[in-house]
Amino acid sequence: TTTSDGGGGGGPADEHAADRAKEDDARDVASGHARRESLLAFARLEALEIASCDHVEAVRLDAPKLLALATTRCERLALLDIDCPRLTHLDTHRCGRLQRFALRPGSLVKLAVANLSHTDLPEAFFHRLVDHCRGLTHLDIHRTDRDSITTPRVDSEESFR
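What counts, and where the lines are drawn
- Residues numbered from 1 in each chain as written.
- Predicted model: local features only at pLDDT ≥ 70, side-chain atom pairs only at ≥ 80, totals over all residues.
- Heavy atoms only, no water.
- Helix = DSSP H or I, 4+ residues; strand = E, 2+ residues; numbered from the N terminus.
- Buried < 20%, exposed > 50% of the residue type's maximum accessible area, 1.4 Å probe, protein only.
- Salt bridge = Lys/Arg side-chain N within 4 Å of Asp/Glu carboxyl O.

A. Molecular detail of unusual backbone geometry. The phi angle at R94 is positive, at roughly 65°, despite the residue not being glycine. With respect to the helices and strands, R94 occurs in the loop between β7 (89-91) and β8 (100-102). The backbone phi angle of L108 is positive, close to 65°, even though this residue is not glycine. With respect to the helices, strands and loops of the structure, L108 is situated in the loop between β8 and β9 (113-115). The class for L108 is buried, based on a relative accessible area of 1%.

This is the structure in structure tokens:
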């Protein structure tokens, strides 16, 4: 995870460096080559929940055995970059700033249930997600009134929380 507490000197030079790092992250994610310096690697982890962690801005994760990932109510989370080929359940609801989600080849191929409600992911992402995750059986996309999206909402019989 990457956190930013704003500590330290905090002059204009520091702010410009932080802005440049965020721009670099955006370019890296868009090209599919996110920086690996803050990568979390778990060889045996099968479930991970990160909830209400307001200082978490990015999650970069390599977890080949992970089955379930929940990053919920993380108000500053803007980036998910995960390499989890066995992941079947994903919950990112109430991460209102989540705008970038890297879809890596070979990752999320077994994803069956996803709750992406109240995120800021662009409409184009949902189209790519459906194409990428062919085993998807339940997808929750609830948006607020201020959000506009034309992707159809698929309700599940089970609630994923």
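Now that the structure has been shown, the text picks up again.
B. Local environment of the pattern of salt bridges. Tallied over the full model, the rule gives three salt bridges. For D81, the salt bridge identified is with R104, shortest N-O distance 2.6 Å. Residue D81 is found in strand β6 (residues 79-83), and its partner R104 is found in the loop between β8 and β9; the two are separated by 23 residues along the sequence.

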